[in-house]
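If you want the building blocks of each chain, they are given just below.
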Amino acid sequence: MSDPRITSSIFTRGAVDLGALRSTPQPTAAPAPAARPAASAAAPASPSGAGTVIDVTDADFRTEVLERSLTTPVILDFWAEWCQPCKQLSPILERLAEEGAGSWILGKVDVDANPGLAQAFQIQSIPMVAAVVGGQPVQGFQGALPEAQVRQYIEAVLKAAGVQAPQHEDPRLAEADDAMMDGDLDAAEAAYKKILNESPADAAAESGLAQVSLFRRVQGVDPGATLSVAAGAPDDVRSQLLAADVEVLSGNAAEAYDRLIKLIRRVYGDERETVRRHLLSLFTVAGPDDPAVASARRALANALF
C-alpha cells in the first residue's frame, strides 16, 4: 500500500490503463447521474454546478471523471455494500468532500456494479481510493485510513492539481487550544500529542505543545523580578532562559531570541547546547512562518559557526 503522506509515491501517473474507458461510447438515452448529498448534509454546489459527491459508473466515467478532472480533481472511492471497512472510510470522504466546497469531487464507484472500472484501476481489495487529475490517474491508497491521513492525501492531490482548498479549522486543534486557554495544560498536552501521533508534521500542534511547555516553565513566576535577576546575572544560563520565556509571553519574542543568541556566544559545551535547544523550542512556539524567527535563525547560525 502506498503511504499517502509521501507525495512522491502518490503521484505516479499512468499507474492504471484508462484507455478503454476513455473510448467507451456514451449511451445517448441514459441521463447523467444525479449528484449525491454528502453523509450528513446536502452538499454545496461545485463550480460546475454539480454536487461534491457523485456516483460513477463504467458507462459515464469519461464524462463524469475524465472530462471533469480537466478542471476539478476527482477522487474515487471504490466500495461495495458488503465491505465493512468501506463503511468506515466512505463517511470520512463524503464529509471532507462537503468541506472542500467544490474544490474537488468525490466519485463513488460500486465495484460490484462496475467491473470495468474495477479492472482498469486494478482493484485487488477495498476500500481503495485513487484520483484523476487533468485526465490522468493518480495513485492512491487501500484500506480505511484515519481521517488525518485521508486529509493529507486529499491535500496532496489538490496541491498536485494546483487547487487551493478552502481552509477549515481543525476541530482537534480547537479542542486542544480551548484546553490550554482554560488552563488545563495536561489535557492540552494530551490533545496536541494525539494530533502529532496522527499527523507528525502538524506545525500548529507542534507550536501548541511547545506553548504548553512554556506555560509550565513560567507558572508562579514574577515577570519583573525574573527580568531583574537576569539583568544582574548575564551569564547565568537558568536565569537567562527564564527571562527569555517571560519576554516571549510578554510579546517581546525578538528580544528573547536576541538574549539567548548573545548568551550562546558567551557559553560553551553543554551549556551552549542547553541554550540552543531552548531557543529552538521558542522558535517552535512562534511557528516557522514568523519573520522574527527567520531573522533569529540566521543570527543563531552565525553565533554557532
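None of the values given here were measured: they were computed from a predicted structure.

### A few points about the overall build of the protein chain
Point 1. Across its full length, the protein chain holds 14 helices and six strands.
Point 2. Here the protein chain, with 305 residues, has 44% of them falling under the buried criterion.
Point 3. Of the roughly 15200 Å² that the protein chain leaves accessible, carbon and sulfur atoms contribute 53%.

### Points about the pattern of salt bridges
Point 1. One pass over the structure, following the stated rule, counts 16 salt bridges.
Point 2. Residues Glu198 and Arg172 are paired through a salt bridge, measuring 2.7 Å at the closest nitrogen-oxygen approach. Of the two residues, Glu198 is situated in helix H8 (residues 185-198) and Arg172 in helix H7 (residues 171-181); the sequence distance between them amounts to 26 residues.
Point 3. In this structure, the salt-bridge partner of Arg216 is Asp186, at a minimum N-O distance of 2.5 Å. Taken together, the residues span a long stretch of sequence, with Arg216 in helix H9 (residues 203-218) and Asp186 in helix H8 at a distance of 30 residues.
Point 4. Several salt bridges share partner residues, and in doing so they unite Arg95, Glu99, Glu147 and Arg151 into one network.

### Here's the deal with the nonpolar core
Note that soluble globular proteins tend to have their nonpolar side chains buried in a common cluster.
Point 1. With 24 residues, the main nonpolar core has Val56, Phe61, Leu76, Phe78, Phe121, Ile123 and Ile126 as its most contacted residues.
Point 2. Looking at this core, the elements with two or more residues in it are helix H3 (61-67), strand E3 (74-79), strand E4 (105-110), helix H5 (115-120) and strand E5 (128-133).
Point 3. In this structure, Leu241, Val275, Leu279 and Leu282 belong to the second largest nonpolar core, which totals 23 residues.

### Quick notes on the confidence of the model for the protein chain
Point 1. Looking at the protein chain as a whole, the pLDDT averages 83, with 82% of positions reaching at least 70.
Point 2. Considering only residues more than four positions removed or in separate chains, one finds that residues 1-15, a stretch of pLDDT under 50, has 36 contacts.
Point 3. In the model, residues 24-50 has pLDDT below 50 throughout and makes 45 contacts with residues more than four positions away in sequence or in other chains.

### Concerning the pairing of E4
In regular strands, side chains alternate between the two faces of the sheet.
Point 1. Within E4, five of the six residues are buried, which leaves the element mostly enclosed by the surrounding structure.
Point 2. Bridging between strand E2 (residues 53-55) and E4 involves three bridges; their strand directions are parallel. Within E4, the position partnered with Ile54 by the bridge is Gly107.

### Let's talk about the packing of aromatic side chains
Point 1. Evaluation of the coordinates by the stated rule reveals four aromatic pairs.
Point 2. Measuring from ring centre to ring centre gives 6.1 Å for Phe61 and Phe121, while their planes differ by 75°; the resulting arrangement is edge-to-face. Taken as a pair, Phe61 in helix H3 and Phe121 in the loop between H5 and E5 lie far apart in primary sequence, 60 residues in all. Per residue, the accessibility class of Phe61 equals that of Phe121, and both read buried.

### With respect to the pairing of E3
Point 1. For E3, the buried fraction is high: six of the six residues fall into the buried class.
Point 2. Neither face of E3 is left uncovered, since the one carrying Val74, Leu76 and Phe78 and the one carrying Ile75, Asp77 and Trp79 both have all their residues buried.
Point 3. Bridging between E3 and E4 involves six bridges; their strand directions are parallel. By the bridge assignment for E4, Val74 is matched with Ile105.
Point 4. For the crossover from E3 across helix H4 (residues 84-100) to E4, the handedness is right-handed.
Point 5. Looking at chain direction, E3 and E5 are connected through five bridges and run antiparallel. Residue Asp77 lies in a different strand from E5, and its bridge partner there is Val129.

### Concerning the packing of helix H10 (residues 223-232) against helix H11 (residues 237-249)
Point 1. Running from amino to carboxyl end, H10 crosses H11 at an angle of 140°, the nearest separation of the two axes being 9 Å. On the basis of their axis angle, the class for H10 and H11 is oblique. Handedness of the crossing formed by H10 with H11: left-handed. Contacts between H10 and H11 involve Pro223, Thr226, Leu227, Val229 and Ala230 from the former and Ser239, Gln240, Leu242, Ala243, Val246 and Glu247 from the latter.
Point 2. Of the residues belonging to the contact of H10 with H11, the class tally is seven nonpolar, three polar and one charged.

About the criteria used
- Residues numbered from 1 in each chain as written.
- Predicted model: local features only at pLDDT ≥ 70, side-chain atom pairs only at ≥ 80, totals over all residues.
- Heavy atoms only, no water.
- Helix = DSSP H or I, 4+ residues; strand = E, 2+ residues; numbered from the N terminus.
- Buried < 20%, exposed > 50% of the residue type's maximum accessible area, 1.4 Å probe, protein only.
- Areas by Shrake-Rupley, 256 points an atom, 1.4 Å probe, with all protein chains shown as cover.
- Salt bridge = Lys/Arg side-chain N within 4 Å of Asp/Glu carboxyl O.
- Core = buried A, V, L, I, M, F, W, Y, C linked by side-chain atoms within 4.5 Å.
- pLDDT = per-residue confidence, 0-100.
- Contact = heavy atoms within 4.5 Å.
- Pairing = 2+ DSSP bridges.
- Phe/Tyr/Trp six-rings, centres within 6.5 Å; stacked < 30°, edge-to-face > 60°.
- Right-handed = clockwise from strand over helix to strand, strands pointing away.
- Axes fitted to C-alpha atoms, helices over the stretch in contact; angles between N-to-C directions.
- Parallel < 35°, antiparallel > 145°, perpendicular 65-115°, else oblique.
- Left-handed = near helix turned anticlockwise from the far one by under 90°.
- Nonpolar A, V, L, I, M, F, W, Y, C, P; charged D, E, K, R; others polar.

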